[in-house]
Amino acid sequence: MNRRGFLIGLPLALSACTAQEVWAPDDIVSRAIHRKPGQKYLTLYTMKNVGSDNGAHSALLINASQRVLFDPAGSFKQDVMPERNDVLFGVTPRLETLYVSFHARSTYYVVGQTVDVTPDVAERALGLALTAGPVPQASCARATSRILRQLPGFSGIRQTWGPNRILEDFAKLPGVTTEEYREDDADDKTLAAAEISAMLRGEP
């Protein structure tokens with residue numbers, strides 16, 4: 001993927017997350033809500049080390065009555081999608097791509113696993129995500145697996161601290177589809193942030 005195709009016009013700020021409370025106001029969340037008609041689904045994102053293949057982070061995209069991203073203890077911060085305790089609202093496909101691209105670089109790649117669910121299951125996942133955070137550092141897989149285990153049809157997901165274990169269990173779900181996302185950006189996130197900021201300002 002190439003960041004240049006979808007970053008123009010998106011204000012962005014990147015910083016580390018902590019477990020402190022974050023609660024965007026109702027009016028801001030309401031204006032940001034994005035809905036995608038049609039089939040409801042969940043996408044599990046796993047960030048994996050290129051050298052060791054170890055999982056480094058788990059996140060869950062939920063396409064329910066609205067499209068949100070549960071990014072527990074994540075390092076992705078921006079000014080477009082309002083947040084409530086690790087849940088990002090207003091996740092358009094373009095912003096989803098931005099999220100994936102932020103994590104994919106020379107030392108890490110991203111695996112996206114998608115499975116269709118009923119509207120009821122999607123709404124259940126949304127409700128659980130809204131009450132799951134804020135999540136402490138190093139607890140992303142534990143929080144994500146806890147949500148998934150409570151959904152009908154997902155009892156085979158083990159409660160775990162390891163992103164790879166969730167990926168393995170998710171892969172066994174009927175009808176799951178899998179994609180890998182790789183980029184060759186430098187490992188230094190400050191360089192990526194500077195590059196993105198320059199593109200947003202229209203600098204060459």
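A few points on the structure. As the structure is a computational prediction, the values presented were derived from the model and not from experiment.

Cut-offs applied
- Residues numbered from 1 in each chain as written.
- Predicted model: local features only at pLDDT ≥ 70, side-chain atom pairs only at ≥ 80, totals over all residues.
- Heavy atoms only, no water.
- Buried < 20%, exposed > 50% of the residue type's maximum accessible area, 1.4 Å probe, protein only.
- Helix = DSSP H or I, 4+ residues; strand = E, 2+ residues; numbered from the N terminus.
- Pairing = 2+ DSSP bridges.
- Axes fitted to C-alpha atoms, helices over the stretch in contact; angles between N-to-C directions.
- Parallel < 35°, antiparallel > 145°, perpendicular 65-115°, else oblique.
- Left-handed = near helix turned anticlockwise from the far one by under 90°.
- Contact = heavy atoms within 4.5 Å.
- Nonpolar A, V, L, I, M, F, W, Y, C, P; charged D, E, K, R; others polar.
- Phe/Tyr/Trp six-rings, centres within 6.5 Å; stacked < 30°, edge-to-face > 60°.
- Lys NZ or Arg CZ within 6 Å of the ring centre and 35° of its normal.

**Thoughts on the pairing of strand 1 (residues 40-49)**
In terms of burial, strand 1 is a largely internal element, nine of the ten residues being buried. Both strand 1 and strand 6 (residues 108-117) contribute to a ladder of ten bridges, which runs antiparallel. Pairing of threonine 46 across the sheet is with valine 111, part of strand 6. Two elements, strand 1 and strand 2 (residues 55-63), share eight bridges in a ladder whose sense is antiparallel. Its bridge partner lying in strand 2, threonine 43 is registered against leucine 61. The antiparallel hairpin formed by strand 1 and strand 2 contains five residues in its connecting segment, where aspartate 53 sits at a positive phi of about 70 degrees.

**What about the packing of helix 4 (residues 140-149) against helix 5 (residues 163-170)?**
Relative orientation of the contacting elements helix 4 and helix 5 amounts to 25 degrees, with a least axis distance of 9 Å. When the axes of helix 4 and helix 5 are compared, the pair comes out roughly parallel. Of the two elements, helix 4 crosses helix 5, and the hand of that crossing is left-handed. Of the residues in helix 5, those in contact with Ala141, Thr144, Ser145 and Leu148 of helix 4 are Pro163, Ile166 and Phe170. For the contact of helix 4 with helix 5, the residue count by class is five nonpolar, two polar and no charged.

**Focus on helix 2 (residues 93-103)**
Taking burial as the measure, the eleven residues of helix 2 include eight buried ones, the bulk of the element. For helix 2, the complete set of buried residues consists of Leu95, Glu96, Leu98, Tyr99, Val100, Ser101, Phe102 and His103.

**With respect to the packing of aromatic side chains**
Tallied over the entire structure, the rule returns five aromatic pairs. Members of the aromatic cluster, joined through ring pairs, are Tyr45, Phe76, Tyr99, Phe102 and Tyr181. Over the face of the ring belonging to tyrosine 109 we find arginine 182, whose NZ or CZ atom lies 3.8 Å from the ring centre.

Shape is all these values report; function is a separate question.
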